[in-house]
Amino acid sequence: MIKTAILGYGTVGSGVAEVLRKNREVIRRHAGDEVQTAYVLDLREFPGDPVEEILVHEYEPILNDPDVRIVVETMGGLHPAYEFTKQALQAGKSVCTSNKELVAEHGVELMKIAEEHQANYMFEASCGGGIPVIRAMQTGLAADEIDAVTGILNGTTNYILTRMEQDGCDFGEALAEAQRIGYAERNPEADIEGYDAKRKIAILSSVAYGSHVDYTKVFTEGISRITTTDMQYAAALSARIKLLGRSVRRGNDVSVMVAPMLVFRGNPLYDVNGVMNAIFVHGNMLGDAMFYGSGAGSLPTASAVSADIVDCAKNLGKNTALPGTGETLNVCPADEAENAFFVRVGADEAVKAEACFGKIRSVTVPGIEGEAAFTTEVMTEAAFREKLQEISDVKGYIRICR
């Protein structure tokens with residue numbers, strides 16, 4: 001019997017406990033032994049819950065129990081999750097987590113500690129909820145050189161943008177609805193300003209390229225300035241607005257960005273709506289592969305955590321992390337990134353815009369007056385901003401997904 005301990009009995013932690021309980025026989029068959037939840041750590045009480053008898057409020061009983069071989073960290077945040085994870089790995093216990101913040105901040109260090117102590121640090125659920133994209137890149141695409149990753153990585157923002165498009169409501173209304181039904185936090189900043197997606201694209205890029213990508217250097221722009229007018233123009237272009245995380249590797253350099261982008265009909269990401277996530281990976285042999293599924297929620301995320309538990313159970317006392325180069329990739333300045341843009345300006349600025357941007361394609365929507373809209377050719381971010389400064393009445397702009 002292999003004993004586990006769950007740190008944090010919230011949405012994901014309770015889901016992991018349920019998966020381990022309900023799918024016990026399936027997990028036993030794949031792991032080669034029974035996996036039992038021996039402890040649940042939380043500061044709260046859960047009277048009447050199945051975990052009541054194994055609930056503890058201190059970490060030491062878990063850390064000091066040699067029979068606990070796998071620790072599941074679903075606490076979230078950096079502290080004390082970092083300290084607890086580090087201590088568990090140093091004690092030779094493997095750790096499975098859904099904590100993207102911790103993985104992005106300390107993942108390199110924690111993986112090194114795991115290797116030194118013949119344990120594993122696994123984080124499939126930190127990106128894309130229940131989508132098994134990390135495992136696929138590490139195993140199924142192990143013979144490919146991956147050079148690009150693009151995805152819808154945040155279910156909250158995708159839900160908000162979907163409601164704005166389908167119902168014609170403004171950003172504030174869509175956000176309030178997302179909060180009411182539990183898709184958005186009371187403080188939604190991490191989601192709507194792109195910080196959550198920034199950590200995820202950095203983690204995915206690090207796994208894809210076998211080298212560390214520093215999330216703090218990722219250019220990030222959120223969705224709070226997107227308007228219903230933008231949605232009308234997008235529809236006229238047969239496109240939808242999605243918050244995308246995108247990275248492209250060229251040698252030892254990587255260009256990484258999180259921003260709202262116009263995704264045209266025909267691109268598979270166009271039909272990814274609501275809280276669903278999707279991740280495109282490009283390999284030099286395979287070409288494009290897309291991974292699609294639920295990006296959040298108790299059981300989908302818990303399913304990914306539980307798959308990591310099975311992997312750890314099959315490899316007790318053995319580190320199975322695929323070797324990386326150990327280097328940190330240079331994140332190119334955002335000014336060097338190349339994009340085409342959709343731009344809205346005041347009607348009086350139309351002639352000046354064409355003089356500034358050269359070859360443009362005008363976009364009109366019946367009923368929208370007092371402004372002009374157009375799409376540009378591909379150019380660097382620096383060149384775009386320089387041209388934009390020559391126009392006094394800029395109403396908005398959105399990058400175009402290529």
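Residues numbered from 1 in each chain as written. Predicted model: local features only at pLDDT ≥ 70, side-chain atom pairs only at ≥ 80, totals over all residues. Heavy atoms only, no water.

## Re the environment of Ile54
Keep this limit in mind: Strands here mean DSSP runs of E at least two residues long; helices mean DSSP runs of H or I at least four residues long; both are numbered from the N terminus. A simple rule labels every residue: compare its accessible area, found with a 1.4 Å probe on the protein chains alone, to the largest value its type can have, and call it buried under 20%, exposed over 50%, or partly exposed in between. Contact criterion: two residues are considered in contact whenever any of their non-hydrogen atoms come within 4.5 Å of each other.
Summarising the element assignment, Ile54 is placed in the loop between β2 (35-41) and β3 (55-56). Ile54 gets classed as partly exposed once you look at its relative accessible area, which sits at 24%. For Ile54, the residues in contact, after removing those within four places along its chain, are Thr37, Ala38, Tyr39 and Val40.

## Observations regarding the nonpolar core
Where we set the bar: Only buried Ala, Val, Leu, Ile, Met, Phe, Trp, Tyr and Cys residues count toward a nonpolar core, and they belong to the same one when joined by side-chain atoms within 4.5 Å.
Counting residues in hydrophobic clusters, the biggest one holds 85 residues, and the most contacted among them are Ile62, Tyr121, Val133, Met137, Ile160, Leu204 and Leu262. Counting residues per element, this core draws most heavily on helix α10 (residues 195-209), at eight residues. Once residues within four sequence positions are removed from consideration, Val133 is found in contact with Glu124, Cys127, Leu204, Ile279, Val281 and Phe291.

## Digging into the packing of aromatic side chains
For clarity, the cut-off: The pairing test for Phe, Tyr and Trp rings, Trp by its six-membered ring, is centres within 6.5 Å, and the orientation test on the planes gives stacked under 30 degrees, edge-to-face over 60, and tilted for anything in between.
Summed over all chains, the structure comprises 10 aromatic pairs. Between Tyr59 and Phe84 the ring centres are 4.1 Å apart and the planes differ by 20 degrees, which places this aromatic pair in the stacked class. In this pair, Tyr59 is assigned in the loop between β3 and α3 (60-63) and Phe84 in helix α4 (residues 81-90), connecting sequence segments 25 residues apart. Side by side, Tyr59 and Phe84 carry an identical accessibility label, which is buried. Consider the rings of Tyr159 and Tyr183, whose centres lie 4.9 Å apart with planes at 65 degrees: the pair is edge-to-face. Of this pair, Tyr159 sits in helix α7 (residues 155-167) while Tyr183 sits in the loop between α8 (171-180) and α9 (189-192), and the two are 24 residues apart along the sequence. Taking the relative accessible area as the measure of exposure, Tyr159 reaches 9% and is therefore buried. Classification of Tyr183 as partly exposed rests on a relative accessible area of 38%.

## Description of the pairing of strand β11 (residues 276-283)
To be explicit about the condition: Think of it this way: DSSP has to see at least two bridges between two strands before they count as a pair.
Counting buried positions along β11 gives six out of eight residues, so the element sits mostly inside the fold. Sheet topology note: the β11/strand β12 (residues 287-294) ladder contains eight bridges and is antiparallel. Pairing of Asn277 across the sheet is with Gly293, part of β12. Hairpin connection between β11 and β12: a loop of three residues separates the two successive antiparallel strands.

## Structural notes on the pattern of salt bridges
How we decide: Should a side-chain nitrogen of Lys or Arg be within 4 Å of a carboxyl oxygen of Asp or Glu, the pair is scored as a salt bridge.
The final tally for this structure, using the stated rule, is 23 salt bridges. Close ionic contact of Lys22 with Glu18 constitutes a salt bridge, the shortest N to O distance being 2.8 Å. With Lys22 and Glu18 both in helix α1 (residues 11-22) and four residues apart, the pair spans about one turn of that helix. With relative accessibility at 23%, the residue Glu18 sits in the partly exposed group. A salt bridge links Arg28 to Glu25, with the nearest nitrogen and oxygen atoms 3.0 Å apart.

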